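# Secondary and tertiary structure notes
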Amino acid sequence: MTPILGIMASQISGHLGPAPIPIVVVPNVYESIATVTVGTATGTVTFSSIPSTFKHLQLRANFAMSTSDNFMGRFNGDTATNYSTHYFYGSGTATGAYGATNGGIMNWSYADTANNRMVWIGDILDYTNANKYKTVRRLNGYDANGSGFIFAGSDLWRSTATISTITMTTNGASNFTTGSKFAIYGIKS
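Quantities reported herein were computed from a predicted structural model and do not represent experimental measurements. (Residues numbered from 1 in each chain as written. Predicted model: local features only at pLDDT ≥ 70, side-chain atom pairs only at ≥ 80, totals over all residues. Heavy atoms only, no water.)

## Let's talk about the overall build of the protein
The number of helices and strands found in the protein is one helix and twelve strands. Reading the helices (α) and strands (β) of the protein from amino to carboxyl end gives α-β-β-β-β-β-β-β-β-β-β-β-β. Evaluated residue by residue, the protein yields a buried proportion of 38% over its 189 residues. Residue pairs in contact within the protein that sit at least 24 positions apart in sequence constitute 74% of those at least 6 positions apart. Total accessible area computed for the protein in this model is approximately 10100 Å², and 57% of it derives from carbon and sulfur atoms. (Helix = DSSP H or I, 4+ residues; strand = E, 2+ residues; numbered from the N terminus. Buried < 20%, exposed > 50% of the residue type's maximum accessible area, 1.4 Å probe, protein only. Contact = heavy atoms within 4.5 Å. Areas by Shrake-Rupley, 256 points an atom, 1.4 Å probe, with all protein chains shown as cover.)

The structure is reproduced here in structure tokens:
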């Protein structure tokens, strides 16, 4: 192309508008395994027979409790002291941290005001890997009419067993209220 035609072509292409943005299709890496909607208030929700065909799991919850209480988790019915919990929290007026080795259960959160809906999302990493302990990373929080808390945490189950059952429970006399939802997804990669 001659220099004059090259200059003209570059000036014309600038007037045709920006180059189109390419469309990138991302395959769906999340596959729904099971969902539970609480029909009658209960203190325990369990996912069992979890397939071992995924890389990771994701647990999602949108729930309220009948009284102020802890939201807790357990894998494969293990009640031994094989769990550790760590999280940071913040509200409009306070911040803090918590960490403990818990007796037979992971302390996934605390709702200090009854009937405020909490949203909880946690990734359970490498849940079938027989060479490592199982780790959960999570983010959750709730609004209490203009106040409330947000939590970011991690948990450890000191076991190399494949996770096939997840039990979520309240601590004490509280129940998950009617309409609370829990869902588990498999993450393919």
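## Topic: the packing of aromatic side chains
All chains considered together, the criterion is met by 19 aromatic pairs. Consider the rings of F71 and W120, whose centres lie 5.6 Å apart with planes at 85 degrees: the pair is edge-to-face. Of the two residues, F71 is situated in strand β4 (residues 69-75) and W120 in strand β8 (residues 118-125); the sequence distance between them amounts to 49 residues. Under the relative-accessibility criterion, W120 is labelled buried at 1%. On the basis of an interplanar angle of 80 degrees and a centroid distance of 6.0 Å, the ring pair of F71 and F176 is categorised as edge-to-face. With F71 in strand β4 and F176 in the loop between β11 (166-170) and β12 (181-187), this pair connects stretches of sequence that are 105 residues apart. F176 sits in the buried class, given a relative accessible area of 0%. An aromatic cluster of three or more residues is present, and its members are F63, F71, F75, Y83, W108, W120, W157, F176 and F182. One cation-aromatic arrangement involves R60 over Y185; the distance from NZ or CZ to the ring centre is 3.9 Å. (Phe/Tyr/Trp six-rings, centres within 6.5 Å; stacked < 30°, edge-to-face > 60°. Lys NZ or Arg CZ within 6 Å of the ring centre and 35° of its normal.)

## What to know about the sheet that holds strand β7 (residues 106-111)
A sheet is described by the order of its strands in space; here four strands give the open sequence β2-β11-β4-β7, paired in antiparallel fashion. At either end of the open sheet lies a strand with only one pairing partner, and these are β2 (44-47) and β7. Ignoring strand direction, the axes of neighbouring strands in this sheet form an average angle of 15 degrees. (Pairing = 2+ DSSP bridges. Axes fitted to C-alpha atoms, helices over the stretch in contact; angles between N-to-C directions.)

## Re the nonpolar core
Generally speaking, soluble globular proteins have nonpolar side chains that are buried together. In terms of nonpolar packing, the biggest core is built from 32 residues, with F63, F71, F75, W108, I166 and F182 touching the most fellow members. The element that contributes the greatest number of residues to this core is strand β3 (residues 56-63), accounting for four residues. Setting aside chain neighbours within four positions, we find F63 in contact with F71, N116, R117, M118, W120, F176, S180 and F182. (Core = buried A, V, L, I, M, F, W, Y, C linked by side-chain atoms within 4.5 Å.)

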